[in-house]
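Take a look at the letters that make up each chain.
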Amino acid sequence: MTAIDASYAGSRTDAAFRTCRFTGLKVDIAAQRLIKANAVAAVIFLAIGGLMGLMVALTRWPAVHLLPSEWFYLVLTGHGANVLLFWIIFFEIALLYFASAVLLNSRLPAPRIAWAAFVLMVVGAIVTNVAVFQGDSSVMFTSYPPMQAAPHFYLGLILFAVGALIGVGIFFATLAVAHAEHTYEGSIPLVTFGALTAAIIAVFTIASGAIILVPTFLWSLGLVADIDPLMYKVIWWGMGHSSQQINVAAHVSVWYAIGALTIGAKPLSEKVSRTAFLLYILFLQLASAHHLLADPGMSATWKIVNTSYLMYLAVLGSLIHGLTVPGALEAAQRRNGYTKGAFEWLRKAPWGNPAFSGMFMSLVMFGFIGGISGVVLGTEQLNLLMHNTIYVPGHFHGTVVAGTTLAFMAMTYYVLPLIFQRDIIWPKLARWQPYLFGIGAGGISLFMMGAGTLGIPRRHWDITLTDAMHPFELPSGGFLMMGLNGMAAVIASLGGILFILITVGTVLWGKRLDKGDTQLTFPLHKQAGVVAEYGSHATVKLPGTIILVSIFFLSFVLYYFVNWKYLSEIWLLR
């Protein structure tokens, strides 16, 4: 790396920069430090939450049944908070700083406030974990009343949310500074636009959380007499599900970023991709309704409008990205010389680069597993088959784990050299890590969805229902699925452990890239700089992508109507 550069001429700031010799981008040192801090915190909470997830899976595996009931619900609560909130949002805040300050060659305004936000998030996450481990807050991720957690459980979540909201505000301020100081030309790059989408959804999400968590906190203190369960559930899912929509916008941005960094991919059409992100802002939060379809308090009209006409506009956004992302990859590979047949571009893609392989598996599994199952759950009639079965966590493991977490792991292989300025250690193991985690995560999703289709309950500690007042004999196939789910969880855990070891080892012992001419083990493409540019590839000759998308639609249609077949088998029940 070069020596620290002077700040931009004419800007009223003492910000210091370095120039990245791999991308040519100016990196604000204050932003770099904050990205490092948030990324490290993210990995720590991923390790904690991942361990808890393995314990949950081994308990749900009937042959192992690891934890007693009181520990199961405690660990399940901690697992949800640490991986669905803390790991992902810490990483997303790091992404927001990267997509604004770094990609726009801008300084980060008010770094002290950004550090205060980070401290609030860390304190909030720790306080919530303390409440969980003290044993008085085993209310699971949803924490539905009348179950009541300790006051500091809610307080920790509120502090974390406030810190995250401040971080989002710093992101918006950075965009304003970059625009005012003319640190980039034309429109903001697509990756930054995707991050802006995530940030806008985050404001709605955090507002929903404040609306319900603050009175719930007061209820836990005895200052509010009662919390209506239906009101809580409606507003809570405005936070709980919408937080996953932040993830969708963020990991789609990561797909575009990794495509640009690894093979020089540019979006096929900036306008089309940006329109897809806009559909997320307008409609994606409404997908929360699929958690409420079995509740009698919501009108049939509301359910139909939200899960049919409006939610499908959000689905259209994902379908567009499902075409444009692989299309951009194919276009770039054909430009790079891989033009034979329909799939040479895919066969000769850099599969040995963990960033690319992780990104592509995230793309495929998010679409085929998380996306298709999400539409099934969003259909009111089909939802009756799956509601409160283990199909539901199978679905969101397909979106949040196989989709978001795998994409963020893939992006880490570029965060480490470009921000931490360390080369990846153990490159052979690094090449295998995304495959281990991806196969395991995909298995977890598929086997839980299969078990849910057979009626395995979502929240029950003992799926055998031993000593139940009204015993019910579940299908033997469901027990097989839960055993396979446990095995898949072990495989995913091995991939997760490997990721953490590689990440921590690289930060501590990886070769310094700011000294001499040290080269990257996983090199960037010569046109990697397009990640920070506005511009379209503008090609329509994509036979491989058209075939892949056709396979996806065929799978979508077949699975959708198979579930209608399942539904028809229970219509005769009275």
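Residues numbered from 1 in each chain as written. Predicted model: local features only at pLDDT ≥ 70, side-chain atom pairs only at ≥ 80, totals over all residues. Heavy atoms only, no water.

## What about the overall build of the protein chain?
Where we set the bar: Going along the chain from the N terminus, every DSSP run of H or I of four or more residues is numbered as a helix, and every run of E of two or more is numbered as a strand. Exposure classes here rest on a 1.4 Å probe applied to the protein chains alone. A residue is buried below 20% of its type maximum, exposed above 50%, and partly exposed in between. Throughout, a contact is declared for two residues whenever any of their heavy atoms are within 4.5 Å. His is not counted here, nor are the chain ends, while Lys and Arg score as positive and Asp and Glu score as negative. Every charge is mapped to an atom, namely NZ of Lys, CZ of Arg, CG of Asp or CD of Glu.
When its secondary structure is counted, the protein chain shows 16 helices and two strands. Seen along its three principal axes, the alpha-carbon backbone of the protein chain occupies a region of about 75 × 60 × 45 Å. Every one of the 574 residues in the protein chain was classed for burial, and the buried ones make up 59%. Long-range contacts, defined here as pairs at least 24 residues apart, represent 82% of the contacts in the protein chain between residues at least 6 apart. Taking the 31 positively charged and 23 negatively charged side chains of the protein chain as two groups, their mean positions are separated by 11 Å.

## Thoughts on the nonpolar core
The condition is simple: Definition used in this section: a nonpolar core is a set of buried Ala, Val, Leu, Ile, Met, Phe, Trp, Tyr and Cys residues joined via side-chain atoms within 4.5 Å.
With 180 residues, the main nonpolar core has Phe86, Phe90 and Met411 as its most contacted residues. Per element, the largest residue contribution to this core is 23 residues, and it comes from helix 2 (residues 69-102). Listed in part, the five residues of the second largest apolar core include Ala276, Leu279, Ala314 and Ile320.

## Focus: a nonpolar patch on the surface
Formally: A patch consists of residues exposed above 30% relative accessible area that lack any salt bridge, with like charges linked at up to 9 Å and nonpolar side chains (Val, Leu, Ile, Met, Phe, Trp, Tyr) linked at up to 5 Å. Only the protein chains shown count as cover for residues, and all accessible areas are computed by the Shrake-Rupley method using a 1.4 Å probe. When a carboxyl oxygen of Asp or Glu lies within 4 Å of a side-chain nitrogen of Lys or Arg, that pair is called a salt bridge.
A surface patch of nonpolar side chains, about 530 Å² in accessible area, is lined by Trp426, Leu429, Val490, Leu494, Ile497 and Leu501. If one sorts the elements of the nonpolar patch by residue count, helix 15 (residues 476-509) sits on top with four residues. Using a relative accessible area of 34% as the deciding quantity, one classes Val490 as partly exposed.

## Overview of helix 1 (residues 29-60)
The condition that has to hold: For a helix, the expected span equals 1.5 Å multiplied by the residue count minus one.
With 32 residues, helix 1 should reach 46 Å at 1.5 Å per residue; the first-to-last C-alpha distance of 46 Å fits that figure. The buried fraction of helix 1 amounts to 23 of the 32 residues, a majority that puts the element mostly inside the structure.

## Description of the packing of helix 1 against helix 3 (residues 111-133)
This is how it is decided: Fitted lines through C-alpha atoms give the axes, limited to the stretch in contact for helices. The angle between two N-to-C directions lies from 0 to 180 degrees. For classification purposes, an angle smaller than 35 degrees is called roughly parallel, one larger than 145 roughly antiparallel, one from 65 to 115 roughly perpendicular, and anything else oblique. Under the scheme applied, nonpolar residues are Ala, Val, Leu, Ile, Met, Phe, Trp, Tyr, Cys and Pro; charged residues are Asp, Glu, Lys and Arg; polar residues are all the others, including Gly.
In the contact formed by helix 1 and helix 3, the axes pass within 10 Å of each other and the chain directions differ by 10 degrees. As far as their axial angle goes, helix 3 and helix 1 are roughly parallel. Facing Ala30, Arg33, Leu34, Ala37, Asn38, Ala41, Phe45, Ile48 and Met52 of helix 1, the residues of helix 3 in contact are Pro111, Ala114, Trp115, Phe118, Ala125, Asn129 and Phe133. Classifying every residue of the contact of helix 1 with helix 3 gives 13 nonpolar, two polar and one charged.

## Here we look at the side chain of Thr23
Note the following rule: Here a polar contact is taken to be a pair of N or O atoms separated by no more than 3.5 Å, where protein atoms must pair a possible hydrogen donor with a possible acceptor and residues adjacent in sequence count only if both atoms sit in side chains.
Mapping Thr23 onto the fold places it in the loop between strand 1 (17-19) and strand 2 (26-28). Within the structure, Thr23 has its side chain in polar contact with the backbone nitrogen of Leu25 (distance 3.3 Å).

## Here we look at the environment of Asp228
By secondary structure assignment, the location of Asp228 is in the loop between helix 5 (190-220) and helix 6 (229-240). Taking the relative accessible area as the measure of exposure, Asp228 reaches 40% and is therefore partly exposed. Considering only alpha carbons, one finds Asp228 and Ile212, 16 residues apart in sequence, at a separation of 11 Å. Within polar-contact distance, the side chain of Asp228 engages the backbone nitrogen of Leu230 at 3.3 Å.

## Some details on the packing of aromatic side chains
The way to describe two aromatic rings as a pair is by their centre distance and the angle between their planes. Put simply, the rule is: Any pair of Phe, Tyr and Trp rings, taking the six-membered ring for Trp, is counted once the centres come within 6.5 Å. Such a pair is stacked with planes under 30 degrees apart, edge-to-face with planes over 60 apart, and tilted for the rest.
Taken as a whole, this structure holds 29 aromatic pairs when the rule is applied. Ring centres of Phe45 and Phe90 lie 5.6 Å apart, and the angle between their planes is 0 degrees; this geometry places the pair in the stacked category. Of the two residues, Phe45 sits in helix 1 while Phe90 sits in helix 2, which places them 45 residues apart along the sequence. For the pair Phe45 and Phe90, one class covers both residues: buried. A centroid spacing of 5.9 Å and a plane angle of 70 degrees characterise the contact between Trp255 and Phe366, whose relative ring orientation is edge-to-face. Residue Trp255 is found in helix 7 (residues 242-263), and its partner Phe366 is found in helix 11 (residues 354-377); the two are separated by 111 residues along the sequence. Note on accessibility: Trp255 and Phe366 belong to one class, buried.

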